[in-house]
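# Observations on chain architecture
The primary structure of each chain is shown beneath.
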Amino acid sequence: MSRSTLSVLLAIAATSKFALAQPDPADPTPLVDKTYAYPSGIPYQVDYVTNAIRGPQVGYNICNSTTENQNSYCQTSMVNHIDDFCLWAPPIPNSTIGDTEAEEVAWCTKPGHGTRLIPNGALQGVQYLITSDYIQIAGFIDQTQVNMNAQDYGGELDPHGADLRGNPLGGLMYSNAFPSNGGNNDSYQQVIDWTNFMGGDAFCITICDPASSAANQSAYCQNIYDRMGCSYNMPNNAQNGTFEVCDSDLKIPAGLYVGTGGVTMTYSQPASGVVDPPYTAFTPASSNCVTYASAALYTGLATVTPTGVSASSSGATGTAKASSTGTNTAGGAAATQSSGAGALAVSTLAGVTGTLFAMIFLS
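Now for a quick tour of the structure. Please read these numbers as outputs of a predicted model, since none were measured by experiment.

This part is about the overall build of the protein. Helix and strand content of the protein: five helices and 19 strands. Expressed as a percentage of its 363 residues, the buried residues of the protein come to 58%. Taking all contacts inside the protein whose residues are at least 6 apart in sequence as the whole, residues at least 24 apart take part in 71%. Taken as a whole, the protein presents about 13800 Å² of accessible surface, with 54% of it coming from carbon and sulfur.

This is the structure in C-alpha cells:
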C-alpha cells in the first residue's frame, strides 16, 4: 500500500472514532484527557464521581505491594514486554465481559505492579509484535483462570466507551516499551490509546505509542469496531503453544480497506444484527522473531495457583497457522466459518450491555 493511501486511511479512522460518543454531564472530561505521571501523580481513583450515570469506578489506581494479591482491585495496567504485561479481566469468578466491562481489573504476568497475577499455566501461547507506532500482543488463555465464564466469547475494553469514561471506568495504562521512553525500564509513560479484546479463550491487546501522531493513535488503537474482534482489529499469527517476539509491519486500521480500482472504502459496523465486513483482514508481515519457553518467561507466576474450572471444552487446543508472510490467516467473520488455522477470529453474535462488544472465538 502506498504511503499516500495509508495516510488517507489513517485520517478517515481518526475522524470517525468519536462519532457516537456522548460524555456524561456529571463527569464530562474524557478518560483519555486525564493524564498522570507514574507513579507520583496518580490519584487514588481517576473516576470518583458518585452521581455519574454509571457511578464511580469500583477499584483504585494507586497500586503497590500492599495491593498486590489475587483479590486486588488495581485498575492501573502495564504493557512492557512479552514477560511483563497485563490484561483486563473481571474481579469476580465466572463473570462475562459484557456484564463487568466497567469493573475489570488488571491481571499481570509479573509481580511488582500491585495487581492480581495471571495464574501459572493460564497463558497458552503469546505473540508480541513491535511496530513503529504500536505494540500488539495476541494469544491463547484459559480464561477461567482470570475469572471469565468458560463459555464467554467476550468483548472489548478501551479508554473510551459510549460516555468516554472508559471500560473499565478509570482504567489507566502505562508502558516502558516504546523508543520514546529512551530505553529506561524504570520510567513509565502513560498510554493514552489502547484496546483489549478478551474471550473465547483468546485475547489481543494493542497499545499505541504516545509519541506518535494523534491520528495514528486513533487509527491503530481503533475502538468503534468492537463487534469485529481480534481477527479484524488485530490480525495476527499467534500460535497455541508458541511464545514469540517479532518485528511487524503496520496493520490497516479496522474497517478500512482498498476496494476495486484502488478506491479507499470504509465499512461501518452495524449497531445490531450480523456483522459481515465486505473484505478480508490482512495480517501484516512479521520478521526477526525470537521464540521463548513459557516457563522461562513467567517465573513470577510459578507459585500462583490456578483456580476455577478448566475451559478445555471451549477450544483452547486449537493451533494457529505459523506462516508470517503478510497474508491473512486470521479466519473469517462468521461464527460458522472455520479457516482451519486456529487463529483469533470473530463471531457474528454480539452481546449488548450499554455498548456492543465483540465476540471472539478460536476457529
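Having seen the model, we can carry on.
Quick look at the state of the cysteines now. For the coordinates displayed, the defined rule picks out five disulfides. Here C208 connects covalently by a disulfide to C221, the sulfurs 2.3 Å from one another. Where C208 bonds to C221 through sulfur, the torsion about that S-S bond is close to 115 degrees, and the disulfide is right-handed. Here C221 lies in the loop between α3 (214-220) and α4 (229-233) and C208 lies in strand β11 (residues 202-208), a separation of 13 residues in the sequence. Side by side, C208 and C221 carry an identical accessibility label, which is buried.

With that out of the way, let us pick up the nonpolar core. Core analysis: the biggest nonpolar cluster contains 46 residues, and F85, L123, V126, I137, F203 and Y298 have the highest contact counts within it. Residues in contact with Y298, not counting those within four places in the same chain, are I82, D83, F85, T109, L123, V126 and F243. Judged by nonpolar contacts, the second largest core, of nine residues, contains Y232, Y257, Y267 and A281.

Residues V105 and W107 point to one face of strand β3 (residues 105-108) and A106 and C108 to the other, with burial holding for every one of them. Here strand β2 (residues 84-89) pairs with β3 via four bridges, running antiparallel. Along β3, the bridge assignment pairs C86 with C108. One ladder, built from two bridges, connects β3 with strand β4 (residues 116-117); its direction is parallel. Looking across to β4, one finds that W107 is bridged to R116.

Cut-offs applied
- Residues numbered from 1 in each chain as written.
- Predicted model: local features only at pLDDT ≥ 70, side-chain atom pairs only at ≥ 80, totals over all residues.
- Heavy atoms only, no water.
- Helix = DSSP H or I, 4+ residues; strand = E, 2+ residues; numbered from the N terminus.
- Buried < 20%, exposed > 50% of the residue type's maximum accessible area, 1.4 Å probe, protein only.
- Contact = heavy atoms within 4.5 Å.
- Areas by Shrake-Rupley, 256 points an atom, 1.4 Å probe, with all protein chains shown as cover.
- Disulfide = S-S within 2.5 Å.
- Core = buried A, V, L, I, M, F, W, Y, C linked by side-chain atoms within 4.5 Å.
- Pairing = 2+ DSSP bridges.

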